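So the chains spell out like this:
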Amino acid sequence: MTRMRFSITGVMCVCFAMSLRVCSAASPKFSSLALSTMHVKYGIQQWGEPHALNGDNFVVAGQTFATGVATAASSRVTVRLYGGAHVLTGSAAIDDHAAANASAVFSIWSGKTRLWTSAIMHRGDVPVSFSLNVSRAHEVTLKADRHDGNAFNCRCDWLNTTFTYHGRPPFIVDHPANWRNQFVPGAVWRDTNGVPFHAHGGGLLYYHGTWYWVGEDKSQGYNNTVGVHEYSSRDLVHWNDEGVVLPAASLPEEFRSKGVCERPKIVYNRLSNVFLMWMHLDAHRYAVARAGIATATKPAGPYRYVTSMRPINNSTFRDMNLFVDTDGGGYVIYAAENNATLYIVRLDSTYGAPRVPEMEGTTWARIAAGGYHEAPVIWHYGPVYYLLASHTSGWYPNAASLFTASTPLGPWTYRGNPFIGADSELTFYTQSTCVIPAPGHPGWFVYMGDRWNPQDLGNSRYVWLPFHINKGSDSFSIAWRSHWSLGGLDKQLKP
Ligand code: GAL
């Protein structure tokens, strides 16, 4: 089927080039346009890049839509239609690259009205065809929903999808993640140069009107071959590339090549006027599990490696985060005891080392002993400190845990999984990495998660979702949104 799809796409590219010519003629005529030649690069909720195919670029309103046809379940693409008669024809099938047991359901929508739905499709099934009159529709959305629950193994194809239309060409509504100041969770997110950015397992720092985002650069894959990449933004939506601010080459040999540098975070120390980066440094197969520390005199670096350590009792240090309290107290929280137990440790006034003398319950604490949590994030609002963490299943998603406390050192009380709705048990296929207050919207926060792509880590995505906390509350919920903007938050119902 894959081979057939490629040849069909080649044919459609030709049709498409012809349709452009027809469109630019003085009197509009019926034309056809191959959706497969212009979507899917910006289709949302993709787990992988579309296949790169040859063919002309498609330009609508100054935007270039690259060619490509394959898309992963769950995904969708929305097309806005302008007047005239429209017929939408095509077929749908599961890609030969999907896992043997992959299955999905395809559907086509006009707003909230379902125009067509396929039966449950399995890999190897003959493509199912459709021919729909969509002349009354303003927008048409093609959706592919995974059915076997395994998002990572299912790829779906819209084959030979063609609009017969009269007048102006349809316009793709789904765009890159920062389209019109919207966040589009799970979309390919590009920096201001148009390059998909690499800031995985990352964290944000707000400093003098600018946000700084540091994270793992996985463009060369899993190991630490590139280093820590940083981006800056004034609006959280558009990000400038600040480059690799802690190159892998500047770290000791065991933490690069076969080693890793994961979950870097930065904080600012007012007393010393120094920016500190903490990260999880590890050797091949996560064998040494240490904290790494680097410093800089500017938020966008460059950062200089200082040392590595195991902060408490020589216990392992892996997934981590930093937290600076309103009183200036700094904390590092991390998966210790071989990931069985989280440790939170008060830092000294430099934020570069644990506060001494170390004393359990006073300068550091164990959290959820034996609970196997990772990806911890701490923040506070009003009198309550919140801790969000994942469980331990490597790059594969699991259910999140929320804890609350009245001091950073606890005691911390388990409050369940704050994610709600479909896929909430898998944290919408994400793992926590940072939470920030939504600027200008008191009570609103932004959850930042990584949607890891275990087969191709460099093609992992970012999922940011807003949520609201009633001041003093021990609970809140995080719901999925396909797109949202900071400006729209106060107009939306608070869950
Ligand atoms: C995850 C962890 C990641 C990375 C991965 C390796 O659970 O959060 O940062 O260490 O495991 O399998």
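Structure: above.
Now for a look at the structure at hand. Being a predicted model, the structure only gives us computed values, none of them experimental. (Residues numbered from 1 in each chain as written. Predicted model: local features only at pLDDT ≥ 70, side-chain atom pairs only at ≥ 80, totals over all residues. Heavy atoms only, no water.)

1. A word on the overall build of the protein chain
From N to C terminus, the protein chain includes 2 helices and 34 strands. When burial is assessed residue by residue, the protein chain has 59% of its 495 residues classed as buried. A separation threshold of at least 6 residues defines the contact pool for the protein chain, and within that pool the share at least 24 residues apart is 60%. Taken as a whole, the protein chain presents about 19500 Å² of accessible surface, with 52% of it coming from carbon and sulfur. (Helix = DSSP H or I, 4+ residues; strand = E, 2+ residues; numbered from the N terminus. Buried < 20%, exposed > 50% of the residue type's maximum accessible area, 1.4 Å probe, protein only. Contact = heavy atoms within 4.5 Å. Areas by Shrake-Rupley, 256 points an atom, 1.4 Å probe, with all protein chains shown as cover.)

2. Regarding the site of the ligand
In the vicinity of the ligand, the contacting residues are E262, R263, Y286, D319, E374, G394, W395 and Q431. Measuring from an oxygen atom of the ligand, one finds a side-chain N or O atom of E262 at 2.6 Å. Separating an oxygen atom of the ligand from a side-chain N or O atom of D319 is a distance of 2.5 Å. In the complex, 89% of the free accessible area of the ligand, which totals 310 Å², lies under the protein chains. In terms of residue class, the shell around the ligand is built from 2 nonpolar, 2 polar and 4 charged. (Near = heavy atom within 4 Å. Polar contact = N/O pair within 3.5 Å; in protein donor to acceptor, adjacent residues only side chain to side chain. Nonpolar A, V, L, I, M, F, W, Y, C, P; charged D, E, K, R; others polar.)

3. Considering the packing of aromatic side chains
What the rule picks out here adds up to 40 aromatic pairs. Between the aromatic rings of F419 and Y447, the centroid separation amounts to 5.0 Å while the plane-to-plane angle is 75 degrees, which identifies the pairing as edge-to-face. Within this pair, whereas F419 is found in strand β30 (residues 419-420), its partner Y447 is found in strand β32 (residues 444-451), the two being separated by 28 residues in sequence. Y447 shares its class with F419; the two are buried. An aromatic cluster of three or more residues is present, and its members are F183, W189, F197, W213, Y231, W239, Y462, W464 and W484. (Phe/Tyr/Trp six-rings, centres within 6.5 Å; stacked < 30°, edge-to-face > 60°.)

4. Some thoughts on the nonpolar core
By size, the foremost hydrophobic cluster in this structure holds 22 residues, and its most contacted members are F183, W189, L204, W213, L236, W239 and W464. Looking at this core, the elements that each hand over two or more residues are β15 (210-217), β31 (431-437), β32 and β33 (461-468). By residue number, the principal contributor to this core is β32, which donates 3 residues. Judged by nonpolar contacts, the second largest core, of 20 residues, contains V245, L251, F255 and F275. (Core = buried A, V, L, I, M, F, W, Y, C linked by side-chain atoms within 4.5 Å.)

5. Comments concerning the side chain of K218
Note that K218 resides in the loop between β15 and β16 (227-233). Beyond its immediate sequence surroundings of up to four residues, K218 is in contact with H198, H200, W395, W452, L457 and G458.

6. Notes on the environment of R355
Mapping R355 onto the fold places it in the loop between β24 (341-346) and β25 (364-367). For the pair R355 and P311, spaced 44 residues apart in sequence, the C-alpha separation works out to 9.7 Å. Excluding residues within four positions of it along the chain, R355 makes contact with R346, L347, D348 and T363.

7. So, the sheet that holds strand β22 (residues 320-324)
Strands belonging to one sheet form pairs held by backbone hydrogen bonds; the direction of such a pair is parallel or antiparallel. Strand order in this open sheet of 4 strands is β22-β23-β24-β25, and the pairing throughout is antiparallel. Each edge of the open sheet carries a strand with a single partner, namely β22 and β25. The average angle at which neighbouring strand axes cross in this sheet is 20 degrees, direction not considered. The sheet contact formed by strand β23 (residues 330-336) and β24 spans 6 bridges and is antiparallel. Bridge assignment links A335 to a residue of β24, and that residue is L342. (Pairing = 2+ DSSP bridges. Axes fitted to C-alpha atoms, helices over the stretch in contact; angles between N-to-C directions.)

8. Observations regarding unusual backbone geometry
Generally, phi is negative for residues other than glycine and the peptide bonds are trans, each holding for most cases. In this chain, G301 is followed by P302 through a cis amide linkage whose omega measures 5 degrees. Relative to the helices and strands, P302 resides in the loop between β20 (290-296) and β21 (304-309). A cis amide bond, omega 5 degrees, links G410 with the succeeding residue P411. Of note, P411 is situated in the loop between β28 (401-405) and β29 (413-414). A positive phi is found at R285, a non-glycine position, where the angle reads about 60 degrees. Within the element layout of this structure, R285 appears in the loop between β19 (274-282) and β20. Non-glycine residue A375 carries a positive phi angle of around 50 degrees. Among the structural elements, A375 can be located in strand β26 (residues 373-381).

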